[in-house]
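As a plain string of letters, each chain reads:
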Amino acid sequence: MVRAYILIQTEVGRASAIAGLIAEVPGVIEAEDVTGPYDMIVRAEADTVDELGRLVVAKIQQIDGITRTLTCPVVRL
């Protein structure tokens, strides 16, 4: 299982609505609004790195109002 935190920037004033849409995407565990340079942090998981990439590119980035994402896979050191 691959887990990641996805930092997301949205169009101004759209973070709450977008968080609700993202929360419904299969593979998304949690979507929370935050303050700072990003508007929300999403916790997601997938079986493989490739599936995680497809989740981000094909599902999350396609949601209208998202302007930028940064995916941070969790590693065990």
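Residues numbered from 1 in each chain as written. Predicted model: local features only at pLDDT ≥ 70, side-chain atom pairs only at ≥ 80, totals over all residues. Heavy atoms only, no water.

J.: Tell me what's going on with the overall build of the protein, and back it up with residues and numbers.
T.: If you tally the helices and strands in the protein, you get 2 helices and 4 strands. When the helices and strands of the protein are placed in sequence order, the string is β-α-β-β-α-β. In terms of C-alpha radius of gyration, the protein reaches 12 Å, essentially the compact-globule figure of 11 Å for 77 residues. Projected onto its principal axes, the C-alpha coordinates of the protein cover approximately 35 × 25 × 15 Å. Across the 77 residues in the protein, those meeting the buried criterion constitute 32%. Here the contacts in the protein between residues at least 6 apart in sequence split such that 67% fall between residues at least 24 apart. In the protein, 7 positive and 11 negative side-chain charges are present, and the distance between their average locations comes to 5 Å. (Helix = DSSP H or I, 4+ residues; strand = E, 2+ residues; numbered from the N terminus. Rg over C-alpha atoms; globule rule 2.2 N^0.38 Å. Buried < 20%, exposed > 50% of the residue type's maximum accessible area, 1.4 Å probe, protein only. Contact = heavy atoms within 4.5 Å. Lys, Arg positive; Asp, Glu negative; His and termini not counted. Charge placed at Lys NZ, Arg CZ, Asp CG, Glu CD.)

J.: Provide a residue-level description of helix H2 (residues 49-60), including the pertinent values.
T.: Taking 1.5 Å of rise per residue, 12 residues should cover 16 Å, and H2 covers 15 Å from first to last C-alpha, within 8% of that figure. When we look at burial in H2, the residues that qualify are Leu 52, Leu 55, Val 56 and Ile 60. Down the axis, H2 shows its buried residues gathered within 85 degrees of arc, on one side only. Facing away from the buried side of H2 by over 90 degrees, the exposed positions are Asp 50 and Arg 54. Against the buried residues of H2 lie strand S1 (2-10), helix H1 (15-23), strand S2 (28-33), strand S3 (40-46) and strand S4 (66-73). (Expected span 1.5 Å × (residues − 1). Arc of directions from axis to C-beta.)

J.: Can you tell me about the sheet that holds S2, naming the residues and giving the values?
T.: Here 4 strands make up an open sheet; going across it, the order is S2-S3-S1-S4 and the pairing antiparallel. At either end of the open sheet lies a strand with only one pairing partner, and these are S2 and S4. Averaged over all pairs of adjacent strands, the angle between their axes in this sheet comes to 20 degrees, without regard to strand direction. Relative to S3, S2 is paired through 5 bridges, and the arrangement is antiparallel. (Pairing = 2+ DSSP bridges. Axes fitted to C-alpha atoms, helices over the stretch in contact; angles between N-to-C directions.)

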